[in-house]
Amino acid sequence: SKTILTGIKPTGLIHLGNYIGAIKPALELAKIEGYKAAYFVADYHGLTKIHNAEEFRHLSYGIAATWLALGLDPEKLTFYRQSDVPEIFELNWILSCFTSKGLMNRAHAYKAIVDSNKKLEKDIDFGVNMGLFNYPILMAADILMFKTEVVPVGKDQVQHVEITRDIAESFNNIYGETFLLPEYKIQAETAVLPGLDGRKMSKSYHNTIPLFEEPKKLQKLINKIITDSLPPEAPKDPDTSPIFMLYKEFASNTEVEKMKEQYLQGIGWGDAKKELFNVMNSFIEEPREKYHELMSSPDKIDTILREGAEKARAISSPFLKEIKRKIGFNV
Ligand code: TYM
């Protein structure tokens, strides 16, 4: 069977980009016969940004509660907290000794900060901690530790999977076939879900719609999504509209077909937004309630994650030993 693996870092509330780009496809893949899924809270990745203990704890539970509220079944797949699997961090160091610094210099996330610092005439590395710089290596360790074949992610993570393949090859070239080379899997249509302002929906752009937002606020946020200024009666192109893109993710097939017709005949953006709110809110109602229930009993979440970590370690522990022997440790 094939291993599918993906993680989310606790640096903010789960937003629609995370849900549509990663969680929804990942939960669907997990149902397919022959796939073994491993999904996790990438808390040590979150530590590159969040330096407030209370906030960090809350956000980590939030990621776990979201997956569970959306129907992740911890009996059927492996669901854990990255920090509960120490083998990942040993592998992180090992891999870092096979990763050229130049490869990290070229990583998009780091380069974006450097470019922005240059523009502001600051030191190029202003605000960059070593965790952030090494981020792709830890992600490679996450993926390679479990012989992952498929990584469902949004487009912004594609380069990280490619870097993972590079690192794995550097190691394999010296010590022989050890790591599997992973493939990424992106949803073509929603690989980049736009946020309120039309740029990629992202915690760092403050343009997100949290998945479990309360109805009133959700309605308000939906109303803020920017649209073109065509008059209500003008035909609209559903394929380029972010409102329609979202509608599709929450409505049934018949509803989607009907809505498409309405767009082509001309629907006002106000009405299109109302319809979007309705399908989204009725989809979210139940999981949102479950989410709040789970958030009020973090012990339950801890138990689930600890059991998941045990399952994960049953794989990572012997594999790490094998790797260590290959590089010359006597374990
Ligand atoms: P993170 O926490 O930034 O995002 C989690 C997932 O959500 C996807 N995503 C989006 N997809 C479509 N449109 C958007 N606007 C959008 N915004 C976010 C991301 O692509 C991602 O799939 N480095 C990872 C976490 C991670 C990981 C891993 C993922 C750590 N180790 C191993 C896969 C495998 C991250 O920061 O995701």
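Everything numeric in this text was worked out from a predicted model, so none of it was measured.

A. Molecular detail of the site of the ligand. Near the ligand there are 29 residues, and of these Lys 9, Tyr 135, Asp 142, Asp 156 and Leu 193 occur at the shortest range. Note that an oxygen atom of the ligand is positioned 2.8 Å from one of the side-chain N or O atoms of Lys 9. In the environment of the ligand, a nitrogen atom lies 3.2 Å from a nitrogen or oxygen atom belonging to the backbone of Gly 17. Of all elements in the fold, only strand E1 (2-8), helix H1 (16-30) and helix H7 (130-144) reach the threshold of two or more residues within the shell around the ligand. Among the residues making up the shell around the ligand, the classes are represented as 14 nonpolar, 10 polar and five charged.

B. Spotlight on the environment of Gly 46. Counting through the fold element by element, Gly 46 comes out in helix H2 (residues 43-46). What makes Gly 46 buried here is its relative accessible area of 0%. Separated by 35 residues in the primary sequence, Gly 46 and Thr 11 place their C-alpha atoms 5.4 Å from one another. Beyond its immediate stretch of four places on either side in the chain, Gly 46 contacts Lys 9, Pro 10, Thr 11 and Phe 56.

C. Structural view of the domain arrangement of the chain. Domains assigned within the chain are domain 1 (2-192 + 298-327) and domain 2 (212-292). Here domain 1 and domain 2 have C-alpha centroids that lie 31 Å from each other. Each partner contributes residues to the interface: domain 1 has 12 residues there, and domain 2 has 11 residues. When domain 1 packs against domain 2, the two sides together hide about 1100 Å² of surface, and 66% of this comes from carbon and sulfur. Counting every contact that joins domain 1 to domain 2 gives two salt bridges. Across the salt bridge formed by Lys 248 and Glu 189, the nearest N and O atoms sit 2.6 Å from each other. Those elements giving two or more residues to the side of domain 1 that touches domain 2 turn out to be H1 and helix H3 (53-69). A per-class count over the side of domain 1 that touches domain 2 returns seven nonpolar, three polar and two charged.

D. The arrangement of the pattern of salt bridges in detail. Enumeration over the complete set of coordinates arrives at 10 salt bridges. Two residues, Asp 73 and Lys 76, come together in a salt bridge whose shortest N-O distance is 3.7 Å. Ionic contacts of the salt-bridge type, sharing partners, join the residues Arg 81, Asp 84 and Asp 302 into one network.

E. Here's a closer look at the pairing of strand E2 (residues 35-41). Among the seven residues of E2, five are classified as buried, and the element is accordingly described as predominantly covered. With seven bridges connecting them, E1 and E2 associate as parallel partners. Looking across to E2, one finds that Thr 3 is bridged to Lys 36. With H1 bridging E1 and its parallel neighbour E2, the resulting β-α-β unit is right-handed. Pairing of E2 with strand E3 (residues 78-81) involves four bridges; the strand directions are parallel. In the sheet register, Phe 40 faces E3, and the bridge partner there is Tyr 80.

F. Quick look at the side chain of Asn 172. Inspection of the secondary structure assignment puts Asn 172 in helix H8 (residues 158-175). Assessed through its relative accessible area of 8%, Asn 172 is described here as buried. Apart from the residues lying within four places of it in its own chain, the contact partners of Asn 172 are Glu 177, Thr 178, Phe 179 and Leu 181.

G. Highlighting the nonpolar core. Core analysis: the biggest nonpolar cluster contains 58 residues, and Leu 16, Tyr 39, Trp 67, Phe 79 and Leu 276 have the highest contact counts within it. For Trp 67, the residues in contact, after removing those within four places along its chain, are Thr 6, Ile 8, Ile 23, Ala 26, Leu 27, Tyr 39, Leu 72 and Phe 79. Core analysis: the second largest hydrophobic core is formed by 42 residues, Leu 91, Leu 103, Ala 141 and Val 151 among them.

H. Inspection of helix H4 (residues 87-96) at higher detail. Within H4 the residues assigned to the buried category are Glu 87, Ile 88, Leu 91, Ile 94 and Leu 95. Buried residues along H4 cover an arc of 120 degrees about the axis, so they all sit on one side. Here the buried face of H4 lies against E3, H7, H8 and helix H13 (298-327).

Quick notes on the rules
Residues numbered from 1 in each chain as written. Predicted model: local features only at pLDDT ≥ 70, side-chain atom pairs only at ≥ 80, totals over all residues. Heavy atoms only, no water. Near = heavy atom within 4 Å. Polar contact = N/O pair within 3.5 Å; in protein donor to acceptor, adjacent residues only side chain to side chain. Helix = DSSP H or I, 4+ residues; strand = E, 2+ residues; numbered from the N terminus. Nonpolar A, V, L, I, M, F, W, Y, C, P; charged D, E, K, R; others polar. Buried < 20%, exposed > 50% of the residue type's maximum accessible area, 1.4 Å probe, protein only. Contact = heavy atoms within 4.5 Å. Domains from an automatic or database assignment. Buried area = accessible area lost by both parts, 1.4 Å probe. Salt bridge = Lys/Arg side-chain N within 4 Å of Asp/Glu carboxyl O. Pairing = 2+ DSSP bridges. Right-handed = clockwise from strand over helix to strand, strands pointing away. Core = buried A, V, L, I, M, F, W, Y, C linked by side-chain atoms within 4.5 Å. Arc of directions from axis to C-beta.

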